[in-house]
Amino acid sequence: MEFTPVAYIYNDFPSKFGLPRQSGMSEHLLSKIVMEKSFDNIEAFRGIEDFEYLWLIWLFEPMGKREWSPTVRPPKLGGNKRMGVFATRSPNRPNPIGLTRVKFVSITHSASDGTVLTVAGADLMSGTAILDIKPYLPYADSAPEAYTGPYGPSKQKLLEVEIPEDIEALFTLEQRAALKEVLSYDPRPGYQTDSERTYGFPYAGYDIRFKVQGQTLKVIEAKQLSK
C-alpha cells in the first residue's frame with residue numbers, strides 16, 4: 001500500500017524539540033500548506049471557507065523514523081510510566097501516520113505559488129508531508145466529556161514566560177505570541193527539571209535558548225541560524 005502526499009506544511013519550527021505537544025496549544029502558530037502540483041486544483045477546496053477547523057492526516061517521517069515498540073514512555077506522564085503504544089500518541093508507531101486538528105485561516109491561489117492554505121495551531125514540523133485534508137465536524141468529532149485516563153483534563157500549570165525586549169523585537173507580533181504560547185507549556189521532557197540547564201530549539205531562523213526556574217521560563221539568547 002502506497003500513499004502520495006497531497007501537500008507539505010511549512011512553519012517556524014524546523015525541528016521536533018519545541019513543537020507544541022498537541023494541536024491547538026498554540027493558536028497563534030501559523031503554518032502554510034502548499035499543495036503538490038498533481039493536486040493543485042482550487043476546485044478541490046470549493047466550500048472550505050464554510051468550516052472553522054480542519055483535520056490533517058500526515059506522516060511522522062521528518063521527526064525521524066524509528067522502530068515501533070509495543071510500549072512507550074509518554075513525556076506527558078513524566079517519561080517514567082510505560083503505556084501501550086496504541087493507548088498513546090507516540091510517533092513510534094507501526095505506521096507513521098498522524099492526525100491533527102487545525103484552525104482554517106485563509107486560502108489563496110496564484111500562478112506562482114499555486115494553492116496555499118494558511119492554518120493555525122498545528123503541531124507539525126516544517127516540511128511534513130500531508131496525506132489528506134478534511135473538514136472538522138463538531139457534532140461528529142467532538143466528545144468534550146470523554147474520559148481520558150491518566151492524561152485527564154489539562155491540569156498543567158502554565159509557566160510565566162520572560163523574553164527580553166531586544167529578543168522580542170526580532171519577531172513579528174504573531175511569531176512572538178506563538179513563541180510565548182509554546183514556551184508557557186514547558187517544552188522540556190517531563191523528566192528534565194534541572195533549573196541550571198540551558199535548553200534550546202530553532203524557531204523562525206533563530207536558536208532560542210532558555211532556562212526554567214520554578215514557574216518562570218526565561219529566554220536568555222536568540223542567535224541567528226546560518227542559512
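Here, every reference points to the structure presented above.
Just so you know, these numbers come straight off a predicted model, no measurement behind them.

### Structural notes on the sheet that holds strand S10 (residues 199-203)
Line of reasoning, step 1. Strand order in this open sheet of four strands is S9-S12-S11-S10, and the pairing throughout is mixed. The open sheet has two edge strands with one neighbour each: strand S9 (160-162) and S10. If you compare each strand with its neighbour and ignore which way they point, the axes differ by 30° on average.
Line of reasoning, step 2. Its contacts with the sheet place helix H3 (residues 173-184) against S9, S10, strand S11 (206-213) and strand S12 (216-224), and it is angled at close to 145° to S10.

### Considerations on the pattern of salt bridges
Line of reasoning, step 1. Enumeration over the complete set of coordinates arrives at five salt bridges.
Line of reasoning, step 2. Residue Glu43 is joined to Arg46 by a salt bridge in which the shortest nitrogen-to-oxygen separation is 2.1 Å.
Line of reasoning, step 3. Residue classification places Glu43 among the partly exposed residues on the basis of a relative accessible area of 44%.
Line of reasoning, step 4. Lys103 is paired through a salt bridge with Glu52; the nearest N and O atoms lie 3.9 Å apart. Of this pair, Lys103 sits in strand S6 (residues 97-110) while Glu52 sits in the loop between strand S2 (30-35) and strand S3 (53-59), placing them 51 residues apart in sequence.

### Some details on the nonpolar core
Line of reasoning, step 1. Core analysis: the biggest nonpolar cluster contains 23 residues, and Leu183 and Ile208 have the highest contact counts within it.
Line of reasoning, step 2. Excluding its chain neighbours within four sequence positions, the residues that come into contact with Ile208 are Phe171, Leu179, Tyr199, Gly200, Phe201, Tyr203, Val219, Glu221 and Ala222.
Line of reasoning, step 3. Counting 20 residues, the second-largest nonpolar core is a separate cluster that includes Leu54, Trp58, Ala122 and Ile130.

### Things to note about the layout of surface pockets
Line of reasoning, step 1. A volume near 200 Å³ is recorded for the second largest pocket.
Line of reasoning, step 2. Broken down by element, the lining of the second largest pocket gets its largest block of residues, four residues, from strand S8 (residues 128-135).
Line of reasoning, step 3. In terms of residue class, the lining of the second largest pocket is built from 10 nonpolar, one polar and three charged.

### Some details on the pairing of S11
Line of reasoning, step 1. Here S11 shows a buried face lined by Tyr206, Ile208, Phe210 and Val212 and an unburied face lined by Asp207, Arg209, Lys211 and Gln213.
Line of reasoning, step 2. Pairing of S10 with S11, which is carried by five bridges, proceeds in the antiparallel orientation. Its bridge partner lying in S11, Tyr199 is registered against Phe210.
Line of reasoning, step 3. Adjacent in sequence and paired antiparallel, S10 and S11 are bridged by two residues, among which Ala204 carries a positive phi angle near 50°.
Line of reasoning, step 4. Between the antiparallel neighbours S11 and S12 lie two residues, among them Gly214 with a positive phi of about 65°.

### With respect to empty space enclosed by the protein
Line of reasoning, step 1. According to the stated counting rule, one finds two cavities of 30 Å³ or more in the structure shown.
Line of reasoning, step 2. In this model, the second largest cavity occupies a volume close to 40 Å³.
Line of reasoning, step 3. Considering the residues around the second largest cavity, the lining is formed by Gly18, Leu19, Pro20, Arg21, Met25, Val182, Tyr185, Asp186 and Pro187.
Line of reasoning, step 4. Counted by class, the lining of the second largest cavity contains six nonpolar, one polar and two charged residues.

### As for the packing of aromatic side chains
In this description, an aromatic ring pair is defined by two values, namely the gap between the centres and the angle between the planes.
Line of reasoning, step 1. Taken as a whole and judged by the stated rule, the model has 10 aromatic pairs.
Line of reasoning, step 2. Pairing Phe17 with Phe201 gives two aromatic rings, centres 6.0 Å apart and planes at 70°, and the pair type is edge-to-face. Pair noted here: Phe17 is in the loop between strand S1 (7-10) and S2 and Phe201 is in strand S10, with a separation of 184 residues, a long-range link.
Line of reasoning, step 3. Assessed through its relative accessible area of 26%, Phe17 is described here as partly exposed.
Line of reasoning, step 4. Three or more aromatic residues joined by ring pairs make a cluster, and in this case those are Phe13, Phe17, Phe171, Tyr199, Phe201, Tyr203, Tyr206 and Phe210.
Line of reasoning, step 5. The cationic tip of Arg101 hangs over the ring face of Tyr53; the distance from NZ or CZ to the ring centre is 4.4 Å.
Line of reasoning, step 6. Over the face of the ring belonging to Tyr136 we find Arg101, whose NZ or CZ atom lies 5.7 Å from the ring centre.

Cut-off values and rules
Residues numbered from 1 in each chain as written. Predicted model: local features only at pLDDT ≥ 70, side-chain atom pairs only at ≥ 80, totals over all residues. Heavy atoms only, no water. Pairing = 2+ DSSP bridges. Helix = DSSP H or I, 4+ residues; strand = E, 2+ residues; numbered from the N terminus. Axes fitted to C-alpha atoms, helices over the stretch in contact; angles between N-to-C directions. Contact = heavy atoms within 4.5 Å. Salt bridge = Lys/Arg side-chain N within 4 Å of Asp/Glu carboxyl O. Buried < 20%, exposed > 50% of the residue type's maximum accessible area, 1.4 Å probe, protein only. Core = buried A, V, L, I, M, F, W, Y, C linked by side-chain atoms within 4.5 Å. 1 Å grid on protein atoms, 1.4 Å probe; cavity = no way out; pocket = protein on both sides within 12 Å on 5 of 7 lines; lining within 4 Å. Points joined across faces, edges and corners; volume = space filled by probe spheres on them. Nonpolar A, V, L, I, M, F, W, Y, C, P; charged D, E, K, R; others polar. Phe/Tyr/Trp six-rings, centres within 6.5 Å; stacked < 30°, edge-to-face > 60°. Lys NZ or Arg CZ within 6 Å of the ring centre and 35° of its normal.

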